[in-house]
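# A closer look at the structure
Single-letter residue listing:
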Amino acid sequence: MKEVTQHLDGKGGEHLYLHKDFHGALCYAIKYLDETYGYEITHAYLRHVGETVYKPLIFEIKRRGLKALEDHLRRVFTLEGGEFELYWKEDHLQLEVKRCPAIEHLKRNNLYYTDRFCTSTIVVNETICRQSGCQAHCDVVPGSGRCVQTFRRMT
Amino acid sequence: MISCTEFIPAYNELFRFLHHCYGKESVVEFWHHLSDTFLDNLRRSIAEHGLKGCFIYWSRTLQEEAADFSMDLDEKKGVFRIIMNRCPSLGRLLESEFIEPYPDYCRHCDHLYRRIAESFGLEFDLTFDAKRAFCILEIRTCNY
């Protein structure tokens, strides 16, 4: 075997922070919680994520309304390279995901995928909206990488 | 969708959630599960390339994570080393105003990667300074 020496430096800001394998780690986490503790514990964890990780977004929705959520969704789906349409329909905000970048990455790289993965979107969206005086609804076609997410202010 | 850019705080909250509900041992059990299932790409890389597989694996992941690091492989000496000047994961948690890092956050790398390295008969060392998000990870062939 040819013996070699190799060296590599990383300077942080040189690269875009976008490690899509993390979608796989989340998928395994959901599978693990489902199988070890049951669905209700998985949902409790995802509600906890909604309340803590998305605290700044909840604050912004309370302050600026659903426009803050629109900005967040557009930024995230653009960064991840998803195919989507995001628009206002009467009084509500609608996100049509035509090609989910997370599911696409998992399937393309033969990483573990379960239809339960989309539960993270459903529960986190519902938690963010409940905390900020809104409602969320999500219609998912399991495994297709497509869904329609609807958000409206509670009256 | 929880963006991959939002995963680390969600991961941190999973450790805190499990610890709060089921104790520290449940967190370690989860890390072992993740090592045995999710990290199959690292396992395959070492199986195919030996110690060089570590260099190949972390070359991609650390650049995608925009890490500040220095990484060396010396196949003659049988040493692979990462000096992480600023861990991209813990660094983000430390900078957050609203997230409290799990006290044993750095231990997850030890549990995840040690199991894989040692299963190939490699020696594994991880020393860290969590307050600075700094660590040195070293994997060696046993004849080093």
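Residues numbered from 1 in each chain as written. Chains lettered and ligands numbered in written order. Predicted model: local features only at pLDDT ≥ 70, side-chain atom pairs only at ≥ 80, totals over all residues. Heavy atoms only, no water.

### Focus on helix 2 (residues 24-37) of chain B
Convention followed: Secondary structure is summarised from DSSP: a helix means a run of H or I of at least four residues, a strand means a run of E of at least two, and numbering begins at the N terminus for each. To estimate the expected span of a helix, count its residues, drop one, and scale the result by 1.5 Å. To sort residues, take the accessible area from a 1.4 Å probe on protein chains only and compare it with the maximum for the residue type: under 20% means buried, over 50% means exposed, and anything in between is partly exposed. Two residues qualify as a contact provided that any one of their heavy atoms is within 4.5 Å of a heavy atom in the partner residue.
Here helix 2 of chain B spans 20 Å end to end across 14 residues, near enough to the 20 Å set by a 1.5 Å rise per residue. All of the buried residues along helix 2 of chain B are S26, V27, V28, F30, W31, H33, L34 and S35 of chain B. Packed against the buried residues of helix 2 of chain B are helix 1 (21-37) of chain A together with helix 1 (7-22), helix 3 (40-49) and helix 6 (107-119) of chain B.

### Section: the pattern of salt bridges
To be explicit about the condition: A pairing counts as a salt bridge when a side-chain nitrogen of Lys or Arg comes within 4 Å of a carboxyl oxygen of Asp or Glu.
Using the criterion set out here, one finds 29 salt bridges over all chains in the structure. R107 of chain B is paired through a salt bridge with D110 of chain B; the nearest N and O atoms lie 3.8 Å apart. Of the two residues, R107 of chain B and D110 of chain B both sit in helix 6, three residues apart, roughly one turn of that helix. Put simply, E118 of chain B and R114 of chain B hold a salt bridge, and the shortest N to O gap is 3.1 Å. Here E118 of chain B pairs with R114 of chain B, and both are found in helix 6, just four residues apart, close to one helical turn. A relative accessible area of 44% means that E118 of chain B is categorised as partly exposed. Via salt bridges that share partners, E60, R63, R64, K67 and D71 of chain A belong to a single interconnected network.

### Quick look at the confidence of the model for chain A
The condition is simple: Confidence scores labelled pLDDT are given residue by residue by the predictor and lie between 0 and 100.
Per-chain confidence: chain A averages 94 in pLDDT, with 98% of residues scoring 70 or above. Of all the helices and strands in chain A, strand 1 (residues 5-11) of chain A carries the lowest mean pLDDT, 93, while helix 2 (residues 39-52) of chain A carries the highest, 98.

### As for the layout of surface pockets
What counts here: Here a cavity denotes a set of grid points, spaced 1 Å apart and computed over the protein atoms alone, in which a 1.4 Å probe fits but from which it cannot get out, and a pocket denotes an open set meeting protein on both sides within 12 Å along at least five of seven lines; residues with an atom within 4 Å of a point are reported as lining. Grid points are joined across faces, edges and corners, and a volume is the space filled by probe spheres set on the points. Here the nonpolar group is Ala, Val, Leu, Ile, Met, Phe, Trp, Tyr, Cys and Pro; Asp, Glu, Lys and Arg are the charged ones; every other residue, Gly included, is treated as polar.
Of the pockets and cavities examined, the largest pocket occupies roughly 400 Å³. What lines the largest pocket is a set of 16 residues, among which V53 of chain A together with T5, E6, P9 and F98 of chain B lie closest to the centre. Put simply, the parts of the chain that give the lining of the largest pocket at least two residues each are helix 3 (55-64) and helix 4 (66-79) of chain A together with helix 5 (88-95) of chain B. A total of three residues in the lining of the largest pocket trace back to one element, the largest contributor, which is helix 3 of chain A. Residues belonging to the lining of the largest pocket are distributed by class as follows: nine nonpolar, three polar and four charged. Volume-wise, the second largest pocket comes out at about 240 Å³.

### Brief notes about the interface of chain A and chain B
By a widely used convention, the size of an interface equals the accessible area lost when the partners come together. Under the convention used in this document: As used here, buried area is the combined drop in accessible area, with a 1.4 Å probe, of two parts when they are placed together. Here a polar contact is recorded for every N or O atom pair within 3.5 Å, except that within protein the pair must consist of a potential hydrogen donor and a potential acceptor, and residues adjacent in sequence are included only if both atoms are side-chain atoms.
At the interface, 52 residues of chain A touch 46 residues of chain B. Interface of chain A and chain B: buried area, both sides summed, is about 4,700 Å²; carbon and sulfur atoms make up 63% of it. At the junction of chain A with chain B, the criterion picks out one salt bridge. The partner of R60 of chain B in a salt bridge is D21 of chain A, with the nearest N and O atoms 2.5 Å apart. Counting across the interface, chain A meets chain B through 18 residue pairs in polar contact (both at pLDDT 80 or more).

### Comments concerning the sheet that holds strand 3 (residues 123-129) of chain B
Threshold: Only strands that DSSP links by at least two bridges are regarded as paired with each other. Helix axes are fitted to C-alpha atoms over the stretch in contact, other axes to C-alpha atoms as well, and angles between N-to-C directions run from 0 to 180 degrees.
Taken in spatial order, the five strands line up as 1(A)-1(B)-2(B)-4(B)-3(B) in an open sheet, and their pairing is antiparallel. A single partner strand is all that each edge strand has here, and the edge strands are strand 1 of chain A together with strand 3 of chain B. The mean angle between the axes of side-by-side strands here comes to 5 degrees, regardless of whether they run parallel or antiparallel. In this structure, strand 1 (residues 68-74) of chain B lies alongside strand 2 (residues 79-86) of chain B, joined through seven bridges in antiparallel fashion.

### Concerning unusual backbone geometry
At N110 of chain A, a residue that is not glycine, the phi angle is positive and equals roughly 55 degrees. Along the chain, the position of N110 of chain A falls in the loop between helix 5 (101-108) and helix 6 (119-131). Even without being a glycine, A66 of chain B presents a positive backbone phi close to 55 degrees. Mapped onto the secondary structure, A66 of chain B falls in the loop between helix 4 (51-64) and strand 1. Judged by its relative accessible area of 15%, A66 of chain B is buried.

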